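# Structural description and commentary
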Amino acid sequence: MKLQEADAKGLLLAHGLPVPEWAVAHDVAEAGAAARRFLAAGADAVVVKAQVLVGGRGKAGGVKLARSVEEAESVAGAILGMDIKGMTVRKVLIGPGADIVREYYLAAVLDRAERGILLMGSAEGGVEIETVAATNPAAIIRQHADPNLGLLDFQARQLAFGMGLHAHLKAAVRIAKGLVTTMKAYDADLVEINPLAIVRERDADGATVERLVCLDAKITLDDSALARHPGLEELRDPDEEAPEDKEAREAGLTFIKLDGTIGCMVNGAGLAMTTMDLVKRAGGEPANFLDIGGGARSDKVAEAMRLILADPKVNAILVNIFGGITRGDEVARGLIEARAQQAREVPMVVRIVGTNATEAAALLQEARFETAGSLDEAAMKAVEAARAAGTTA
Ligand code: GDP
Ligand code: MN
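Let me begin by describing the structure that accompanies this report. Everything quoted here is computed from the prediction, not taken from an experiment.

Leu106, Leu119, Leu165, Leu179, Leu196 and Leu221 are the most contacted members of the largest nonpolar core, which totals 40 residues. With eight residues, the top contributor of residues to this core is helix H6 (residues 169-186). What Leu165 contacts, discounting residues up to four positions off in sequence, is Tyr104, Ala160, Ala172, Leu196, Ile198 and Leu212.

Right, here's the structure in full:
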């Protein structure tokens, strides 16, 4: 689950990290009111930022500075409703505009291969890290944090020195360690600050000071760990969740949309991956990963079928069920029910083995379903059907 910048900043702030003030506005009036507050409090400008769950908002015109309430309102009016990479902007973040001296990149990511947390820092901030990795990999400084001990002081210092943050060593160490603490506190996969910025501010006496702050924040949470953090579910942004993701989540199905034409319905994640591999080997492209889970009843099967068919690219379906707790006849009933309701006719190949496979076979035969004895045969038939239907990728 991806968090909006404003929510991510809230979590960082809760862990003592330096984040500039902000407000969230859903319309021009709210944006104007927020801008008025920040300007009255002494800010020279305000920044207005689209809150959508995609990167590169700046380049897309979704981040703008304004020097007056009127300008903030007109900028917010332009950003609200804007389409950024297919996402409609429904809210904006307003904050005091930062006077940026230099931008850095700092992130904590889950490193599965190393079974730990990887800290990545770079003096080339504001740029997407993938670009830096491609054009100047040496500019990325890496440190692995111990999963139990977190990032140790000397590691944080090495990271900061490597990034050239000598003048802000204390703050950089605190922030780097704070990213790891935040990551662990919420079971996040990623906590990314881009840019981490040195900003120029005036202190109470009017003297200019430079400070290191988190200007942007991106956090993604591990969905499988959300049960451990009941409060975080509230931060899910319903506006930005793809409808099929929402449906799948509510039906208790694990569903990941892909680009191919062959819809797959399988029980068990391992079998689902194997099925996708075999579809590819037979020359087809899977349209999705779908694990209906153990013990799925017929209504869940029907729901899974609706999800698969909602994708207009799907022109063949492969059902592969290995009955254990899941009963083959239940799945067969679900398929029959689903086909009775289904909005469009798509060829389907069904392979059901294991618990109640005989009953399933009888039901499927009576309903005139295309079946297959082996998985290879099923994959081949599905790919042929997709090809016959037209556009196998
Ligand atoms: P992203 O493009 O979606 O990653 O959005 P960011 O929050 O990172 O903003 C993009 C860029 O806008 C940053 O790299 C900065 O250069 C610039 N920016 C963001 N906030 C401010 C601000 O308060 N003041 C100034 N001057 N520039 C900002
Ligand atoms: Mn950014």
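Glancing now at unusual backbone geometry. Residue Pro195 follows Asn194 across a cis peptide bond; omega there is 10 degrees. Checked against the element boundaries, Pro195 lands in strand S10 (residues 188-202). Of note in this structure, Arg115 is not a glycine but carries a positive phi near 50 degrees. For Arg115, the position within the fold is in the loop between strand S7 (100-111) and strand S8 (116-122). In this structure Arg115 comes out as exposed when scored by relative accessible area, which is 73%.

Moving on: the layout of surface pockets. Any space left empty among the atoms is revealed by the rolling of a water-sized probe across them. The computed volume of the largest pocket comes to approximately 1100 Å³. If you go around the largest pocket, you meet 44 residues; those closest to its centre are Gly56, Arg57, Asn194, Pro195 and Asp216. Going through the elements one at a time, helix H1 (5-14), strand S2 (46-50), strand S3 (63-66), strand S6 (92-96), S7, helix H4 (129-135), S10 and strand S12 (218-221) are the ones with two or more residues in the lining of the largest pocket. When residues in the lining of the largest pocket are grouped by element, the largest group, four residues, is from S10. Tallied by class, the residues present in the lining of the largest pocket amount to 21 nonpolar, nine polar and 14 charged. If you add up the space inside the second largest pocket, you get close to 830 Å³.

Conventions we followed
Residues numbered from 1 in each chain as written. Chains lettered and ligands numbered in written order. Predicted model: local features only at pLDDT ≥ 70, side-chain atom pairs only at ≥ 80, totals over all residues. Heavy atoms only, no water. Core = buried A, V, L, I, M, F, W, Y, C linked by side-chain atoms within 4.5 Å. Buried < 20%, exposed > 50% of the residue type's maximum accessible area, 1.4 Å probe, protein only. Helix = DSSP H or I, 4+ residues; strand = E, 2+ residues; numbered from the N terminus. Contact = heavy atoms within 4.5 Å. 1 Å grid on protein atoms, 1.4 Å probe; cavity = no way out; pocket = protein on both sides within 12 Å on 5 of 7 lines; lining within 4 Å. Points joined across faces, edges and corners; volume = space filled by probe spheres on them. Nonpolar A, V, L, I, M, F, W, Y, C, P; charged D, E, K, R; others polar.

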